[in-house]
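Residues per chain are reported as follows:
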Amino acid sequence: MPAREMRMEMFLRALLRRDFDKAKSHLDKLSKLVKDDEWGRGYLKAINGFMSAIKDNDSDSLIVRLLNNPDPDEIKELLKRFEEIKNQEFRDDYERGYYTAWVELLQAYLSQARLPVKR
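Residue numbers restart at each chain and count upward from 1, following the sequence in its written direction. Thresholds applied to this predicted model are a pLDDT of at least 70 for local features of residues and 80 or more for the giving and counting of side-chain atom pairs; totals over whole chains, interfaces and linings are not thresholded and use all residues. Note: side-chain values were computed over all heavy atoms of the structure, leaving out hydrogens and water.

Comments concerning the overall build of the protein
- Runs of H or I in DSSP of at least four residues are treated as helices and runs of E of at least two as strands, each being numbered from the N terminus. If you tally the helices and strands in the protein, you get six helices and zero strands.
- Radius of gyration (C-alpha) of the protein: 14 Å, near the 14 Å computed for a compact globule of 119 residues.
- Across its three principal directions, the C-alpha atoms of the protein cover 40 × 30 × 30 Å.
- Three exposure classes are used, based on accessible area relative to the maximum for each residue type with a 1.4 Å probe and protein chains only: buried under 20%, partly exposed in between, and exposed over 50%. The proportion of buried residues among the 119 residues of the protein is 39%.
- A sequence separation of at least 24 residues applies to 63% of the contacts in the protein between residues at least 6 apart.
- In short, Shrake-Rupley with a 1.4 Å probe defines the accessible areas, and a residue's cover is counted only from the protein chains shown. Accessible area for the protein stands at about 7,100 Å²; split by element, carbon and sulfur atoms hold 46% of it.
- Within this scheme the basic residues Lys and Arg register as positive and the acidic residues Asp and Glu register as negative, but His and the chain ends are omitted. By convention, charge coordinates are those of NZ in Lys, CZ in Arg, CG in Asp, or CD in Glu. When the 23 basic and 22 acidic side-chain charges of the protein are each reduced to a single mean position, those positions are 6 Å apart. The quantity called the radius of gyration is restricted to C-alpha atoms. Its globule counterpart is 2.2 Å times the number of residues to the power 0.38. Should any heavy atoms of two residues lie within 4.5 Å, those residues are counted as being in contact.

Below, the structure written as structure tokens:
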């Protein structure tokens with residue numbers, strides 16, 4: 001597994017535990033793995049948004065909704081849609097970086113051994 005994807009998995013695990021100090025540490029390491037270009041800025045915008053939304057428990061955000069009410073079928077559908085978006089030729093590098101972060105996060109989420117049960 002590439003280093004960035006492995007770090008994303010560790011970042012997600014920390015977020016799921018609501019361990020924001022550890023998540024911030026992984027976020028800092030993730031930011032060092034991406035270049036300071038448009039793609040990297042889009043990627044970092046997404047991962048900073050994940051952390052901010054979860055920390056604030058923003059119930060309107062997609063990431064909080066997915067974590068609070070996980071539905072593997074919905075997550076798979078989002079993963080498919082976000083992969084399509086990031087691969088569209090007319091998308092700029094910023095958007096590709098942003099959606100790459102979502103794809104990696106959703107892949108990491110689906111790879112968790114035990115997802116929380118939807119209530």
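A look at the side chain of S61
- Within the element layout of this structure, S61 appears in the loop between α3 (38-55) and α4 (62-68).
- The definition of a polar contact used here is a pair of N or O atoms within 3.5 Å, where within protein one atom must be able to donate a hydrogen and the other to accept one, and adjacent residues in sequence count solely through side-chain atom pairs. Among the polar contacts listed, one links the side chain of S61 to the backbone nitrogen of V64, at a separation of 3.3 Å.

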